[in-house]
Amino acid sequence: TSMACVLEHIQATRPAAAVVITDGYIEELDPTRVTECLGRTRLHAIISRDGSPAAIANAGIPYTQLARIPK
């Protein structure tokens, strides 16, 4: 997932809130730049259960990781 594209879109359109669904494998982002791009937009990432939340967390983006569906 290219979060740079997502952040550019948010910066251009300025929605009140946005949700991104991803496997969490994104490019490295500067948390200060993320904050600048978001402005007042609330962003939340949903990460697949087998994905990695590390880069999302490092960028300071709140996230929820999906759990395994019980049998």
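The shown structure was predicted, so the numbers you read here are calculated from the model rather than taken from an experiment.

J.: Help me out: how do you make sense of the overall build of the protein in this one?
T.: The secondary structure content of the protein amounts to three helices and three strands. When the elements of the protein are put in sequence order from the N terminus, they spell out α-β-α-β-α-β. Against the 2.2 N^0.38 benchmark of 11 Å for 71 residues, the protein shows a C-alpha radius of gyration of 12 Å, consistent with a compact globule. Judged by the C-alpha coordinates and their principal axes, the protein covers about 40 × 25 × 15 Å. For the protein, the proportion of its 71 residues judged to be buried stands at 28%. Sequence separation of 24 or more characterises 56% of the internal contacts of the protein that already satisfy a separation of 6 or more. Working note: accessible area of the protein is about 4700 Å², and carbon and sulfur atoms make up 56% of it.

J.: I tried to follow the packing of helix α1 (residues 3–13) against helix α2 (residues 31–38) on my own but got confused; where do I start?
T.: Two measures define how a pair of helices packs: the angle their axes make with one another and the distance between the axes. Closest axis-to-axis distance for the α1/α2 pair is 8 Å, and the angle between their directions is 35 degrees. For the pair α1 and α2, the contacting residues are L7, I10 and Q11 in the first and R33, V34, E36, C37 and L38 in the second. Of the residues contributing to the contact of α1 with α2, the split by class is five nonpolar, one polar and two charged.

J.: I tried to follow the nonpolar core on my own but got confused; where do I start?
T.: Within soluble globular proteins, side chains that are nonpolar generally end up buried alongside one another. Grouped together as the largest cluster of nonpolar side chains are 16 residues, with contacts concentrated most on M3, L7, L29, V34, L43 and I61. Breaking this core down by element, the ones donating at least two residues are α1, β1 (17–22), α2 and β2 (42–47). Setting aside residues up to four positions removed in sequence, M3 forms contacts with V20, I26, E27, L29, L43 and I61.

J.: What is the right way to look at the pairing of β2 in this model?
T.: In the case of a regular strand, side chains alternate between the two sheet surfaces. Along β2, the buried face is formed by L43, A45 and I47; none of R42, H44 and I46, which line the opposite face, is buried. For the crossover that starts at β1, traverses α2 and ends in the parallel β2, the hand is right-handed. Sheet topology note: the β2/strand β3 (residues 63–65) ladder contains three bridges and is parallel. Across the sheet, residue I46 finds its bridge partner in β3, namely T64.

J.: Got a minute to help me understand the environment of T1 in this structure?
T.: Mapped onto the fold, T1 is located in the segment before α1. Among the residues examined, T1 registers a relative accessible area of 44% and is labelled partly exposed. A C-alpha to C-alpha distance of 15 Å links T1 and N58, two positions 57 residues apart in sequence. Setting aside residues up to four positions removed in sequence, T1 forms contacts with T22, D23, Y25, I26 and E27.

Cut-offs used in this document
- Residues numbered from 1 in each chain as written.
- Predicted model: local features only at pLDDT ≥ 70, side-chain atom pairs only at ≥ 80, totals over all residues.
- Heavy atoms only, no water.
- Helix = DSSP H or I, 4+ residues; strand = E, 2+ residues; numbered from the N terminus.
- Rg over C-alpha atoms; globule rule 2.2 N^0.38 Å.
- Buried < 20%, exposed > 50% of the residue type's maximum accessible area, 1.4 Å probe, protein only.
- Contact = heavy atoms within 4.5 Å.
- Areas by Shrake-Rupley, 256 points an atom, 1.4 Å probe, with all protein chains shown as cover.
- Axes fitted to C-alpha atoms, helices over the stretch in contact; angles between N-to-C directions.
- Nonpolar A, V, L, I, M, F, W, Y, C, P; charged D, E, K, R; others polar.
- Core = buried A, V, L, I, M, F, W, Y, C linked by side-chain atoms within 4.5 Å.
- Right-handed = clockwise from strand over helix to strand, strands pointing away.
- Pairing = 2+ DSSP bridges.

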